[in-house]
Amino acid sequence: MPWNARGGLPKDAYDELAQLLPKPLVLAWGRGEDVLVAGLPGHIAIRDAQGWRVVGWHQVDLARWDGESGVLSWAGQTNERVTLTEPGRIPMLLKDRVEASILVSERIKAGAVHVQLSGRRDLANPEAPLVWSASAADGRSLDRPGVREAVDRRLAELKADVE
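Summarised in this report is the structure supplied together with it. (Residues numbered from 1 in each chain as written. Predicted model: local features only at pLDDT ≥ 70, side-chain atom pairs only at ≥ 80, totals over all residues. Heavy atoms only, no water.)

When helices and strands are counted, the chain shows four helices and 10 strands. Start at the N end of the chain and walk to the C end: the helices and strands fall as α-α-β-β-β-β-β-β-β-α-β-β-β-α. Expressed along its principal axes, the backbone C-alpha trace of the chain runs to roughly 55 × 35 × 25 Å. When burial is assessed residue by residue, the chain has 40% of its 163 residues classed as buried. Within the chain, counting contacts between residues at least 6 apart in sequence, those at least 24 apart form 38% of the total. Summed over all atoms, the accessible surface of the chain reaches about 9200 Å², with 49% contributed by carbon and sulfur. Computed over 21 positive and 23 negative side-chain charges, the inter-centroid distance for the chain is 2 Å. (Helix = DSSP H or I, 4+ residues; strand = E, 2+ residues; numbered from the N terminus. Buried < 20%, exposed > 50% of the residue type's maximum accessible area, 1.4 Å probe, protein only. Contact = heavy atoms within 4.5 Å. Areas by Shrake-Rupley, 256 points an atom, 1.4 Å probe, with all protein chains shown as cover. Lys, Arg positive; Asp, Glu negative; His and termini not counted. Charge placed at Lys NZ, Arg CZ, Asp CG, Glu CD.)

This is the structure in structure tokens:
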């Protein structure tokens with residue numbers, strides 16, 4: 001594979017990643033002690049002692065970069081925390097790609113619970129349906145009297161407006 005598709009990612013790491021994703025295009029990458037992070041158009045990929053794992057940008061709900069400590073973390077379908085000694089452009093790409101996946105974002109108050117609603121697109125598959133989610137801003141359960149009903153009602157309205 002040409003060097004530019006690897007984006008400078010070491011060839012052995014790229015070859016391993018290519019076994020999971022066909023012809024990956026690396027937009028940015030960073031490294032830490034025993035970890036590599038690669039940003040692709042539709043995914044973020046992490047390689048550690050267990051090998052590569054890949055997460056779609058639309059599956060990242062909340063991300064954080066601490067430049068002082070070098071800690072990159074995110075929560076969503078998976079929760080990850082890595083320390084990068086050479087972050088490269090990964091922190092900027094993480095922000096850009098996560099934001100690019102958000103088509104609809106709305107914060108509502110359902111009862112006493114603040115809820116974040118979102119409709120996200122899979123950047124790796126533009127034909128895929130939107131992924132809709134609701135999460136309490138403070139981690140409270142949405143399964144409280146009146147809350148789930150209000151959330152479901154508003155999600156249905158948003159879906160009808162967008163889809």
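Once the structure has been displayed, the description carries forward.
Let us look at helix H4 (residues 147-162). With 16 residues, H4 should cover 22 Å at 1.5 Å per step; its first-to-last C-alpha distance of 23 Å lies within 8% of that length. Where H4 is concerned, the buried positions are Val147, Ala150, Val151, Leu155 and Leu158. Projected down its long axis, H4 carries its buried residues within an arc of 130°, all on one side. Opposite the buried face of H4, by more than 90 degrees, sit the exposed residues Arg153 and Ala160. Buried-residue contacts for H4 involve strand S8 (102-110), strand S9 (113-120) and strand S10 (131-136). (Expected span 1.5 Å × (residues − 1). Arc of directions from axis to C-beta.)

Evaluated as defined, the whole model comprises 13 salt bridges. A salt bridge links Arg97 to Asp96, with the nearest nitrogen and oxygen atoms 3.6 Å apart. Residue classification places Arg97 among the buried positions, given a relative accessible area of 18%. Residues participating in the shared-partner salt-bridge network are Asp48, Arg53 and Glu80. (Salt bridge = Lys/Arg side-chain N within 4 Å of Asp/Glu carboxyl O.)

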